[in-house]
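Close look at the chain arrangement
Chain residues, written in single-letter form:
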Amino acid sequence: MAAFEPVLLRNRGVEGSTTLKVYESRGGYQAVRKALKQTPDEIVAEVKKANLRGRGGAGFPAGVKWGFLPKDRKKTLLCVNGDESEPPTFCNRVLMEHDPHQLIEGTIIAAYAVQAQTVYIYLRGEFHEQFHIVQKAVDQAYAAGYLGKKIFGSDFSIEMYLHRGAGAYVCGEETGLIESLEGKRGWPRIKPPFPAIEGAFRLPTVVNNVETLSCVPHIIERGADWFTGIGPAHSAGPKLFCISGPVKRPGCYEGAMDITVRELIEREDMGGGMIDGKHVKAVFPGGCSMGILSADELDMKLDFDDPRNFGLLGLGTAAAVVIPHDMDMRVVLRNMARFYGTESCGQCTQCREGTAWMHKIATRIAADAGRPEDLDVLLETARNMGMMPGLSICGLPDGATFPIETTVKKFRSELEEYILAQPKGRAEYLLRVLN
Amino acid sequence: MAKIIIDSQEIECRDGVTALQAAIEAGWDVPHYCYHPGLSVVASCRLCLMEMKMPHPQTKEMGWAPKLLPSCQTPAREGMEIRFNTEKVKKNQENCMEFFLLNHPLDCPVCDQAGECHLQDYSYKFGKAESRMVDQKLKNPKKDIGPRTLLYSDRCVMCTRCVRFTQEVSGTHELSIVNRGSRVEIDVFPGLPLDNPLQGNVVDICPVGCLLDKDFLFQRRVWELKRGESVCPGCARGCSISIDHVDEKVYRLKPRFNPKVNDWWMCDEGRFGYEYIHDKKRISSPLVRRGLEQTTPNWEDVPAVLRYRFEQFVKAQGGAKVVAVLSPFMANEEAWLLAKFIRDVAPEASLAIGPVPYEGDDQIFPAKASGDGIKFTILKEKAPNRKGIESLLESLGGSTLTCEQFVEKAGAGEFMAAWVVGGYPKPWVDKDTAKLAGKFDLLVAQDIFENEFTTKADIVLPACAWAEREGSFTNADGLSQPFHWAIVPPDGARRDGQYLFEIAGETGLFSAARVREMMAASVPNLSQVYESQRKPAHAH
């Protein structure tokens, strides 16, 4: 297989890659100059043609999203979603740490395409270092005249602000992000109206992921045809994959969306195989919310469509976490349930109560007090919370139920073995003690 | 009027309502917590989800959408087709009820809301009999959030109605949401208790027993209460209220929906302003003084005694020296009966309006709102019926006086016989007015509490509180609204309407509607009343 020539990560490892000078010396800020000579509609059309699907998790085409904006709008806002909080995911972080100017350039082009003169970059609260890196890059861009009034000598002006969240998973949901940006509690909004019609501060708003916007300069520079030439037609373009767990080379790698989970784990230029002779028991291939794969499903393609064939929610953030053979699945189950139990925002009934209940059951199973019927209760709770189509305002309960449901379904025999191996009467005893 | 189809039945609904409101008004019992017609829509309780026919994204063919949609958020559009009677919708309601009760303490036996709790009602109607949760329940704390309100957050269903109320109606923003997930709670900020003039409404709109009124806490089970429909006498606004009472005791006042006046709300001043009804110091029997001699006449003799005394006076000193002071706390019907009697015995007698109490300024909510943004108003005029009395005086004509004119003329000794009506819940006789009490040869004082007039009066008649009376008040906007008696007067007293009816020369039982018919000829504008209906049926 021919080595993939990195696009998004081409500046990673270059000394001083976060500075404007180094970025420009490697061909940076050429795309935006080219873009400003075109009309906004031409750029939207080009991005639509490239079929740039959102990298944030849902895979919604960015160009189509931009097309939803009302034609007669007066003011538009662009929000960059840097609230990367899906558990094993760190691709946005890598992009911001190593190449903030690529993000800024992509943001300027996107802002020009949707005619947004105000841009907010929303960073999760935990991104301290990344905040300073991006802020420095923004300051450099302002100093160079790439941001502010009449950028690059054109008539287009743009103001860019960084906003730091307070650390909530749900603020990665676009309307939760908008509420948080407005200074309110990060509770997702009811739709309609969609943000494109009425978003932050009641203005038409576009929310795009960091990685999505980082792709934009390359589409403009090299053309939509080059972009669609990478990977399969329905999942075009370069994509960042994260891998963590007991592999030899955990980290963030770039590739086309034609690789399988097995390749991501085994390839020498990616995961590099397992450490210490461990072998794979299960993988969460796309961030926890998408669900789990068992060891014999590793040939799943990491593109936007194939995960559905394996009972998963979707590609998600393409961040795989590998679970080795000696890991107790009850612990995995409890860990997943705990995350969503603490991160549910508390607005909708099903999600608020369901995630907490699943956490209680999973904790009890992990504490050797499981009952055989608990697994059925878990599955039914997951279904009652609403899974595609959901019953709640946002997609969090879908993401909360898929890992639980797939873990219970795919590893049911193992979980049942644990429960049956408990000393007789222990579950009942512990229930009494715990209550 | 839009036509929509619910469960295959075509119904007509008002324009601009949501599918949920349309369904409720047409008689469907759709469970809901977060939706309240007076507040913004958040669609977070997910109980009212429905199925809706939508065009297929590709084929554009109309079909039932696979996703359940919140009916509280979906506007009712012409020709739209929705349904609630399917397995999917019912299953969701059942599951939601199970989720709501997971961490609920199930302490109905000690909960004030039991009996009017929508968690009970919906569990019974839509829920499951058993919970499958065996783990320990999460127990959120009980909190004292203000001088009049408690918040038992373990019973909360997070409908956030109370939070939205403080944001959108009172505009005071005391309540907020803290924490995440199932530990989420309603709370106040440290040092900023829930203490605004409308705060009692949060207890009313709480669909469960989470927000509690300290005044009513552990006083009575709600199913023992009887409900009387009335109008609040607290200010000139005339909010529709219901009087919850039992054993001739008032336990609480609640607002009643009235789109022309108060919508769903009432203020705390009105809500808690009923205590004087049960004051032990109330005058409860009539009294006749002759020199130092005091007698308590039989009620049957009172009309004759009064008529005789006034006729004697008119014969001796002339009718122009007679005055009747009508209190702005009197109902239109009572005032008319009294005026009828006075003008009967002395056609040239004067009619005056009693003093109208004012306190501070009008308060609007949210503060600084204007036009349609105003959600509630508390008037500075603290009497329910100034407008009605003034209107009555104007219609009756003859010699009519303002309060100031009466004080001036009576001070100058122009009147020697007076009938002074009080009925104010607070002391109303000021220094200048008190001096008048000794200036009359014949003084009839009709009041609730003892004051300078009742101690010097030749005849004292006990007045009743509005909860014991019947009649109509005309509010500051000129709207006449009827109120009905809820409890009986204290032992020995009689309803003002009844004895005034007899004094005016009528026989039989007093009924406000009958008096209004009699009034129609002389006072046509007060004989029509507006009674707010519970229609269109509205959400709880």
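Rules and cut-offs
- Every residue gets a number counted from 1 within its own chain, in the order that chain's sequence is written.
- Chains carry letters and ligands carry numbers; both start at the beginning, A for chains and 1 for ligands, and go up in the order they are written.
- The predicted origin of the model limits local features to residues at a pLDDT of at least 70 and limits the giving and counting of side-chain atom pairs to 80 or more, whereas totals for whole chains, interfaces and linings rest on all residues.
- Derived side-chain values reflect all non-hydrogen atoms in the structure, with water molecules and hydrogen atoms excluded from consideration.
- What counts as a helix is a DSSP run of H or I of at least four residues, what counts as a strand is a run of E of at least two, and both are numbered from the N terminus.
- In this setup the radius of gyration rests on C-alpha atoms only. A globule is expected at 2.2 Å times the number of residues raised to 0.38.
- Residue burial is assigned from relative accessible area. The probe radius is 1.4 Å, only protein chains are included, and a residue is buried under 20% of its type maximum, exposed over 50%, and partly exposed in between.
- The contact rule is simple, with two residues in contact once any of their heavy atoms fall within 4.5 Å.
- Neither His nor the chain ends is counted toward charge; the positive residues are Lys and Arg and the negative residues Asp and Glu.
- Every charge is mapped to an atom, namely NZ of Lys, CZ of Arg, CG of Asp or CD of Glu.
- Only the protein chains shown count as cover for residues, and the accessible areas themselves come from Shrake-Rupley with a 1.4 Å probe.
- Domains are outlined according to an automatic or database domain assignment.
- Here the quantity called buried area is the total loss of accessible area, with a 1.4 Å probe, experienced by two parts when brought into contact, counted for both.
- Salt bridge criterion: a side-chain nitrogen from Lys or Arg within 4 Å of a carboxyl oxygen from Asp or Glu.
- Definition of a polar contact: a pair of N or O atoms within 3.5 Å, with one able to donate and the other able to accept a hydrogen when the atoms are protein atoms, and with sequence-neighbouring residues admitted only if both atoms are side-chain atoms.
- Polarity classes work like this: nonpolar for Ala, Val, Leu, Ile, Met, Phe, Trp, Tyr, Cys and Pro, charged for Asp, Glu, Lys and Arg, and polar for all others, with Gly in that last group.
- Note on terminology: disulfide denotes any pair of cysteine sulfur atoms within 2.5 Å.
- Here a Phe, Tyr or Trp ring, Trp counted by its six-membered ring, pairs with any other such ring whose centre lies within 6.5 Å, and the pair is stacked when the planes are under 30 degrees apart, edge-to-face when over 60, and tilted otherwise.
- We call a set of buried Ala, Val, Leu, Ile, Met, Phe, Trp, Tyr and Cys residues a nonpolar core when their side-chain atoms join them within 4.5 Å.
- Only residues whose relative accessible area exceeds 30% and that take part in no salt bridge are eligible for patches, with like-charged residues grouped when within 9 Å of each other and nonpolar side chains (Val, Leu, Ile, Met, Phe, Trp, Tyr) grouped when within 5 Å.
- Strand pairing requires that DSSP identify at least two bridges connecting the strands.
- The axes are straight lines fitted to the C-alpha atoms, using for helices just the contacting stretch, and the angles between their N-to-C directions are given from 0 to 180°.
- With respect to orientation, any angle under 35 degrees is reported as roughly parallel, any angle over 145 as roughly antiparallel, any angle of 65 to 115 as roughly perpendicular, and every other angle as oblique.
- Crossing handedness follows the turn of the near helix against the far one: under a right angle anticlockwise gives a left-handed crossing, and clockwise gives a right-handed one.

Now for the overall build of chain A. What chain A contains, in helices and strands, is 17 helices and nine strands. By the compact-globule yardstick of 22 Å for 435 residues, chain A fits well, its C-alpha radius of gyration being 22 Å. Dimensions of chain A, computed from C-alpha atoms along their principal axes, come out at roughly 80 × 50 × 35 Å. For chain A, buried positions account for 63% of its 435 residues. Counted over contacts in chain A with a minimum sequence separation of 6, partners at least 24 positions apart contribute 70%. Distance between charge centroids for chain A: 4 Å, based on 51 positive and 54 negative side chains.

Attention shifts here to the overall build of chain B. When helices and strands are tallied, chain B shows 14 helices and 26 strands. Here chain B holds 540 residues, and the buried ones make up 58% of them. A sequence separation of at least 24 residues applies to 67% of the contacts in chain B between residues at least 6 apart. If you sum the accessible surface of chain B, you get close to 22500 Å²; carbon and sulfur atoms cover 52% of it.

This part is about the domain arrangement of chain A. All names here are of chain A. Split into domains, chain A comes out as domain 1 (20-228), domain 2 (234-324) and domain 3 (329-434). Spacing between the C-alpha centres of domain 2 and domain 3 amounts to 24 Å. Here domain 2 packs against domain 3, burying approximately 1100 Å² in sum over the two surfaces, 71% of which is carbon and sulfur. When the area that domain 2 buries against domain 3 is broken down by residue, the three leading residues are Lys281, Ile292 and Leu313, summing to 42%. Applying the counting rule to domain 2 against domain 3 returns two salt bridges. A salt bridge links Glu297 to Lys410; the shortest N-O distance between them is 3.2 Å. Linking domain 2 to domain 3 there are six residue pairs in polar contact (both at pLDDT 80 or more). Those elements giving two or more residues to the side of domain 2 that touches domain 3 turn out to be β7 (280-284) and β8 (293-294). Tallied by class, residues from the side of domain 2 that touches domain 3 come to 10 nonpolar, four polar and two charged.

Turning our eyes to something else, we now look at the state of the cysteines. Residues and elements named next belong to chain B. Within this structure, the stated rule accounts for zero disulfides over all chains. The thiol sulfur of Cys210 is not disulfide-bonded, and the nearest other cysteine sulfur, from Cys156, lies at 4.2 Å. Taking the relative accessible area as the measure of exposure, Cys210 reaches 3% and is therefore buried. Unpaired in this structure, Cys232 has its nearest cysteine sulfur neighbour in Cys239, at a distance of 5.9 Å.

Checked against the element boundaries, Gln347 of chain A lands in the loop between α12 (329-343) and α13 (349-366). A distance of 3.0 Å separates a polar atom in the side chain of Gln347 of chain A from the backbone oxygen of Pro188 of chain A.

We now examine the interface of chain A and chain B. Every contact between the two is made by 38 residues of chain A and, on the other side, 39 residues of chain B. When the two sides are added together, the surface that chain A and chain B hide from each other amounts to roughly 3100 Å², 51% of it contributed by carbon and sulfur. Where chain A meets chain B, there are three salt bridges. Applying the counting rule to chain A against chain B returns 20 residue pairs in polar contact (both at pLDDT 80 or more). Contributions of two or more residues to the side of chain A that touches chain B are made by α12, α13, α14 (372-384) and α17 (426-434) of chain A. For the side of chain A that touches chain B, the leading source of residues is α13 of chain A, giving 10 residues.

Across all of its chains, the model carries 29 aromatic pairs over all chains by this definition. Geometrically, the ring pair formed by Tyr29 of chain A and Phe152 of chain A is tilted, given 6.3 Å between the ring centres and 45° between the ring planes. Placement of the pair is Tyr29 of chain A in the loop between α1 (20-25) and α2 (30-37) and Phe152 of chain A in the loop between α7 (128-143) and β3 (159-164), with a sequence separation of 123 residues. Using a relative accessible area of 0% as the deciding quantity, one classes Tyr29 of chain A as buried. A relative accessible area of 22% places Phe152 of chain A in the partly exposed class. With a centroid separation of 5.7 Å and an interplanar angle of 85°, the aromatic rings of Phe310 of chain B and Phe341 of chain B are classed as edge-to-face. One end of the pair, Phe310 of chain B, is in helix α7 (residues 302-317); the other, Phe341 of chain B, is in helix α8 (residues 332-345), with 31 residues separating them in the sequence. Grouping residues by exposure puts Phe310 of chain B and Phe341 of chain B together as buried.

For the rest of this paragraph, the subject is the nonpolar core. Generally speaking, a soluble globular protein has its nonpolar side chains buried in company with each other. Counting 121 residues, the largest nonpolar core has Leu378 of chain A together with Tyr33, Phe100, Leu119, Leu175, Ile277 and Trp466 of chain B as the members making the most contacts within it. Here this core gets seven residues from one element, more than from any other, and that element is α12 of chain A. Of all hydrophobic cores here, the second largest spans 64 residues; its members include Val44, Cys91, Ile121 and Leu213 of chain A.

The subject of this paragraph is the domain arrangement of chain B. Residue and element names in this part refer to chain B. Split by domain assignment, chain B resolves into domain 1 (2-85), domain 2 (96-224) and domain 3 (302-369 + 383-526). The C-alpha centroid of domain 2 is placed 27 Å from the C-alpha centroid of domain 1. Across the boundary between the two partners, domain 1 contributes 16 residues, which contact 19 residues of domain 2. Around 1400 Å² of area is buried between domain 1 and domain 2 when both sides are counted, 60% of it from carbon and sulfur atoms. When residues of domain 1 are sorted by the area they lose upon contact with domain 2, Asp29, Tyr33 and Leu39 head the list and together hold 49% of the total. For the interface between domain 1 and domain 2, the tally reads one salt bridge. Asp29 serves as the salt-bridge partner of Lys125, at 2.9 Å between the closest nitrogen and oxygen.

A surface patch of nonpolar side chains, about 260 Å² in accessible area, is lined by Phe60, Val64 and Phe68 of chain A. Along the chain, Phe60 of chain A turns up in the loop between α3 (40-49) and α4 (62-67).

Turning next to the sheet that holds β3 of chain A. Residues and elements named next belong to chain A. Strand order in this open sheet of four strands is β3-β2-β1-β4, and the pairing throughout is parallel. For this open sheet the edge positions go to β3 and β4 (205-209), each flanked by a neighbour on one side alone. Strand-to-strand twist in this sheet, taken as the mean axis angle between neighbours without regard to direction, amounts to 20°. Inspection of the sheet shows strand β1 (residues 77-82) paired to strand β2 (residues 118-123) by six bridges, in the parallel sense. Residue Leu78 lies in a different strand from β2, and its bridge partner there is Val119. Across the sheet, helix α8 (residues 174-181) lies against β1, β2, β3 and β4, angled at about 105° from β2, the strand it touches most. The strands that helix α9 (residues 210-222) touches are β1 and β4; relative to β4, the one it contacts most, it runs at about 90°.

We now examine the sheet that holds strand β16 (residues 293-295) of chain B. Residues and elements named next belong to chain B. In spatial order, the strands read β16-β15-β24-β23-β22-β17-β18-β21; together these eight strands make up an open sheet with mixed pairing. Sheet topology places β16 and β21 (399-401) at the edges, where each strand pairs with a single neighbour. Neighbouring strand axes in the sheet, compared pairwise and without regard to direction, differ in orientation by 15° on average. With respect to the sheet, helix α10 (residues 403-411) is in contact with β17 (322-326), β18 (350-353) and β21, its orientation differing from that of β21 by roughly 105°.

Here we take up unusual backbone geometry. The omega torsion across Lys191 of chain A and Pro192 of chain A is -5°, close enough to zero to call that bond cis. Along the polypeptide, Pro192 of chain A turns up in the loop between α8 and β4. The amide bond that connects Phe365 of chain B to the next residue, Pro366 of chain B, takes the cis arrangement and shows omega of -10°. Along the polypeptide, Pro366 of chain B turns up in the loop between β19 (363-365) and β20 (376-378). One non-glycine residue, Thr160 of chain B, lies in the positive phi region at around 60°.

Residues and elements named next belong to chain A. Packing of helix α5 (residues 91-98) against α7 leaves a shortest axis separation of 8 Å and a crossing angle of 45°. With respect to α7, the axis of α5 lies oblique. Here α5 and α7 pass one another in a crossing that is left-handed. Each of Arg93, Met96 and Glu97 in α5 lies in contact with α7, whose residues at this interface are Gln130, Ile133 and Val134.

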